[in-house]
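Next come the chains, spelled out residue by residue.
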Amino acid sequence: MDTRSAQLFLHLASSLNFSKTSEQMYVSPPTLTRVIQRLEAELATELFFRDKRSVKLTAAGLRFQQFVRLWLDEWHQLQVDLQLASAELTGEIRLFCTVTASYSHLPTILDRFRLICPKAELKLTTGDAASAIEKVRLGEVDIALAAHPLQLPTNLAFRSIASLPVQLIAPNIPCKVNDLLQQTPVPWQKIPMILPEHGPARSRFDNWLQQMAVVPQVVAKVDGHEAMVSMVALGTGIALVADAVVVNSPVKDRVRNIELDYRFEPFDLGVCMLNKRLHEPLIQAFWQVATAKN
């Protein structure tokens, strides 16, 4: 068993969904199946009950899950010990952030980090902001730039680095959406709305809709603020997004802010990682650089 196989097994043991693990761990379904089959052959036992409708851990799978967690923890600790014995910090950090954050906030952090850890390797993955916390919690990434959730898991550390205003945006082109927005009063229940699937933006949108007593006409549910800005620019509907996403969007001239009496709570953007990994030299170096005051 290698570390990659161990990580794939742990993710599958948590998700109990081959498709989800394949997608989130960036491995093809046939490869994931072969990894699990190889582990089962090495152990001469089944680790999962699987049929067309469900996947469940066997008793052996539960025992192996405990072993793999301890084994990976020991492996990480060995790497930490070796780093402490070295004059220069080396190793790999798996980062996750949105596409927007990768050029709005991450470059400054990486410039500082490179000065103190020039030999460190950085593996960057971008995606939906709403999935950042879960990726850290599951160990899919080491560090994420993420918006503070309503409830932060107790095993995660979070430190703020920026406050991001959020706005309700509309298309800047003649369309049905703007025709409705020009009416007095605005018929909010008739206006097409693009909602995030989940996450901090969704909770803010839901709070506003509840306060306005509006049952939304949802035309799309989207992962990622960048995609929502693009859909608004096409005249599909209105959406709630961070200002930073609009400012850095290639279609920023095709959208506009909707003036409201209501003020949406800004996103608290920060650095997030597992508490138990804060003592690791390389991780600690990144944490200190990322959260340092300018």
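Residues numbered from 1 in each chain as written. Predicted model: local features only at pLDDT ≥ 70, side-chain atom pairs only at ≥ 80, totals over all residues. Heavy atoms only, no water.

Participant: What's the story with the pairing of strand E7 (residues 166-171) in this structure? I'm lost.
Facilitator: Put simply, side chains in a regular strand alternate between the two faces of the sheet. Counting buried positions along E7 gives five out of six residues, so the element sits mostly inside the fold. Looking at chain direction, E7 and strand E10 (residues 238-242) are connected through four bridges and run antiparallel. From the neighbouring strand, Leu168 faces E10, where its bridge partner is Leu240. (Buried < 20%, exposed > 50% of the residue type's maximum accessible area, 1.4 Å probe, protein only. Helix = DSSP H or I, 4+ residues; strand = E, 2+ residues; numbered from the N terminus. Pairing = 2+ DSSP bridges.)

Participant: Even after reading the chapter, I still don't get helix H1 (residues 3-15), so can you show me in this structure?
Facilitator: Helical geometry note: an α-helix holds 3.6 residues per turn, so side chains three or four residues apart project in the same direction. Look at H1: 18 Å from first C-alpha to last across 13 residues, which is about the 18 Å you get at 1.5 Å a residue. Among all positions in H1, only Ser5, Ala6, Leu8, Phe9, Leu10, His11, Leu12, Ala13 and Ser15 are buried. Looking at the residues trailing H1, positive phi occurs at Leu16, about 50°. (Expected span 1.5 Å × (residues − 1).)

Participant: Even after reading the chapter, I still don't get the packing of H1 against helix H3 (residues 29-43), so can you show me in this structure?
Facilitator: What describes two packed helices is the angle between their axes and the distance between those same axes. Viewed as axis vectors pointing N to C, H1 and H3 meet at an angle of 100°, and their least axial separation amounts to 10 Å. Looking at the two axes, H1 sits roughly perpendicular to H3. Mapping the contact onto sequence places Ser5, Leu8, Phe9 and Leu12 in H1 and Leu32, Val35, Ile36, Arg38 and Leu39 in H3. (Axes fitted to C-alpha atoms, helices over the stretch in contact; angles between N-to-C directions. Parallel < 35°, antiparallel > 145°, perpendicular 65-115°, else oblique. Contact = heavy atoms within 4.5 Å.)

Participant: Just checking my understanding: could you explain the sheet that holds strand E9 (residues 217-222) for this structure?
Facilitator: Strand order in the open sheet made by the five strands is E9-E8-E10-E7-E11, with mixed pairing throughout. The outermost strands of the open sheet, each flanked by one partner alone, are E9 and strand E11 (255-257). Between one strand axis and the next, the sheet turns by 35° as a mean value, whatever way the strands run. Sitting on the sheet, helix H9 (residues 200-212) touches E7, strand E8 (192-196), E9 and E10, and the angle it makes with E8 is about 140°. Docked against the sheet, helix H10 (residues 225-233) engages E7, E8, E9, E10 and E11, running at close to 145° with respect to E10.

Participant: Would you mind going over the nonpolar core with me for this structure?
Facilitator: Nonpolar side chains in soluble globular proteins generally cluster together in the buried interior. The biggest cluster of nonpolar side chains holds 60 residues, and the ones touching the most others in it are Phe113, Leu168, Trp188, Met193 and Ile238. The leading source of residues in this core is helix H12 (residues 281-291), at seven residues. Setting aside its immediate chain neighbours within four residues, Met193 contacts Trp188, Phe205, Trp208, Leu209, Val214, Pro216, Gln217, Val218, Val219, Ala220 and Ile238. In terms of nonpolar packing, the next biggest core, distinct from the first, is built from 20 residues, Leu10, Met25, Val27 and Phe64 among them. (Core = buried A, V, L, I, M, F, W, Y, C linked by side-chain atoms within 4.5 Å.)

Participant: Whenever I open this one, unusual backbone geometry confuses me. Can you help?
Facilitator: Most peptide bonds take the trans form, and the phi angle of most residues other than glycine is negative. The step from Thr184 to Pro185 runs through a cis peptide bond, and the omega angle for that step is -10°. On the secondary structure map, Pro185 appears in the loop between helix H8 (176-181) and E8. Phi at Ala44 takes a positive value of approximately 55°, unusual for a residue other than glycine. When you line up the elements, Ala44 lands in the loop between H3 and strand E1 (48-50). Judged by its relative accessible area of 71%, Ala44 falls in the exposed class. A positive phi angle, near 55°, is found at Ala213, a position not held by glycine. On the secondary structure map, Ala213 appears in the loop between H9 and E9.

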